[in-house]
Amino acid sequence: VLNLGFRYQYSEPPRDKYGHAGTFNLSNQTSTPGPWNPNTRNFAPRIGLAYSVTNMTVIRSRFGIYYTSTPYNVFQFALANPPNFLSQSLSFDLLDPTPVSTLFPPLTPGSSIFSPFVLNSHNPTPYLEQWNFNIQRSLPHDTLLTVAYVGNEGHHLSIRLNPNQARFDANPLQPTPIQSRRPFAAIGDVLAQY
């Protein structure tokens with residue numbers, strides 16, 4: 001017996017009706033209005049096979065691709081940039097300690113560094129490939145023996161990271177400013193969802 005199936009999945013990302021949501025592009029350090037681009041290539045075939053080798057032995061196998069939608073909680077990051085929200089990070093120096101009384105200075109323009117939230121606007125839909133293969137054999141005394149292999153592999157799984165992490169200082173005794181060691185020196189830490 002051969003079973004063939006096919007599924008197509010299209011997930012439209014949520015949109016902010018006021019147009020305030022956007023994605024931040026690290027390479028040119030600008031915001032682009034709108035959420036991530038929808039994926040139109042989410043084809044998911046399914047194949048199943050059952051074959052009776054003898055009246056005592058059966059072979060079964062299956063393969064399928066299973067998509068998931070992008071978690072909608074990441075949409076909050078599309079709203080977490082200016083003009084809706086401004087995240088700033090403060091930097092302190094080992095050679096110039098900061099007293100506890102001034103640990104949280106008032107936020108004024110230029111007093112701290114912009115820390116954007118980044119969404120990949122071309123984020124592919126996460127999916128799993130799942131497969132199995134098993135052999136069943138009837139044994140004497142109403143006993144059934146099954147030997148099986150089950151596998152799965154994830155693709156485009158979503159991660160969060162800081163792509164603007166500062167490199168380690170070559171000489172910790174004479175530290176260089178943290179901003180000079182970042183890939184994008186004009187901004188601070190970045191929370192990115194890819």
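In this text, all values refer to a predicted model and were calculated from it rather than measured experimentally.

1. Comments concerning the overall build of the protein chain
Then comes step 1: Within the protein chain one finds one helix and 12 strands.
Then comes step 2: Counting from the amino terminus, the protein chain carries its helices and strands in the arrangement β-β-β-β-β-α-β-β-β-β-β-β-β.
Then comes step 3: Looking at the protein chain as a whole, 28% of its 194 residues are labelled buried.
Then comes step 4: Taking as baseline every contact in the protein chain between residues at least 6 positions apart, the subset at least 24 positions apart corresponds to 67%.
Then comes step 5: Summing over all exposed atoms, the protein chain offers an accessible surface of approximately 13000 Å²; the carbon and sulfur share of this is 60%.

2. Examining the pattern of salt bridges
Then comes step 1: Inspection of the entire model under this criterion finds two salt bridges.
Then comes step 2: In this structure, Arg181 engages Asp169 in a salt bridge whose closest nitrogen and oxygen atoms are separated by 3.6 Å. Pair noted here: Arg181 is in the loop between β11 (160-161) and β12 (191-193) and Asp169 is in the loop between β11 and β12, with a separation of 12 residues, a long-range link. Across this residue pair, the class does not change: Arg181 and Asp169 are buried.

3. Let's talk about a nonpolar patch on the surface
Then comes step 1: On the surface, a cluster of nonpolar side chains totalling about 610 Å² of accessible area is made up of Leu2, Leu4, Ile47, Leu49, Tyr51 and Val53.
Then comes step 2: Within the residue set of the nonpolar patch, elements represented by two or more residues are β1 (2-8) and β4 (43-52).
Then comes step 3: For Leu49, the location among the structural elements is in strand β4.

4. Some details on the nonpolar core
Then comes step 1: With nine residues, the main nonpolar core is built from Ala21, Trp36, Val74, Phe75, Phe77, Ala78, Ala80, Phe117 and Leu119.
Then comes step 2: Mapped by element, the contributors of at least two residues to this core are α1 (75-78) and β8 (117-119).
Then comes step 3: Tallying contributions element by element places α1 first for this core, with three residues.
Then comes step 4: Apart from the residues lying within four places of it in its own chain, the contact partners of Phe77 are Gly22, Phe117, Leu119, Arg160, Leu191 and Gln193.

5. A short note on the environment of Pro126
Then comes step 1: On the secondary structure map, Pro126 appears in the loop between β8 and β9 (127-139).
Then comes step 2: Each C-alpha atom of the pair Pro126 and Tyr67 lies 6.0 Å from the other, and the pair is 59 residues apart in sequence.
Then comes step 3: Contact partners of Pro126, with chain neighbours within four places excluded, come to Tyr66, Tyr67, Thr68, His155, His156 and Leu157.

6. Some details on the environment of Ala21
Then comes step 1: Positionally, Ala21 belongs in the loop between β1 and β2 (22-25).
Then comes step 2: Along the primary structure Ala21 and Pro33 are separated by 12 residues, whereas in three dimensions their C-alpha atoms are 6.0 Å apart.
Then comes step 3: If near-sequence neighbours (up to four positions away) are discounted, Ala21 is found in contact with Asp16, Pro33, Gly34, Phe75, Ala78 and Leu79.

What counts and what doesn't
- The residue numbers shown here count from 1 along each chain, following its written sequence.
- Only residues with pLDDT of at least 70 are given local features in this predicted model, and only at 80 or more are side-chain atom pairs given and counted; all residues enter the totals for whole chains, interfaces and linings.
- Only heavy atoms go into the side-chain values, all of them from the structure, while hydrogens and water stay out.
- Helical segments are the DSSP runs of H or I of at least four residues, strand segments are the runs of E of at least two, and each set is numbered from the N terminus.
- The rule is simple: take the accessible area with a 1.4 Å probe, protein chains only, and divide by the maximum for that residue type; under 20% is buried, over 50% is exposed, in between is partly exposed.
- Residue contacts are counted whenever heavy atoms from the two residues lie within 4.5 Å of one another.
- In short, Shrake-Rupley with a 1.4 Å probe defines the accessible areas, and a residue's cover is counted only from the protein chains shown.
- Any carboxyl oxygen of Asp or Glu that lies within 4 Å of a side-chain nitrogen of Lys or Arg is treated as forming a salt bridge with it.
- Put simply, a patch holds well-exposed residues, over 30% relative accessible area, that have no salt bridge, with like charges counted together within 9 Å and Val, Leu, Ile, Met, Phe, Trp or Tyr side chains within 5 Å.
- Here, nonpolar core means buried Ala, Val, Leu, Ile, Met, Phe, Trp, Tyr and Cys residues that are tied together by side-chain atoms lying within 4.5 Å of each other.

So, to be careful, I would describe these as geometric facts and stop short of saying anything about function.
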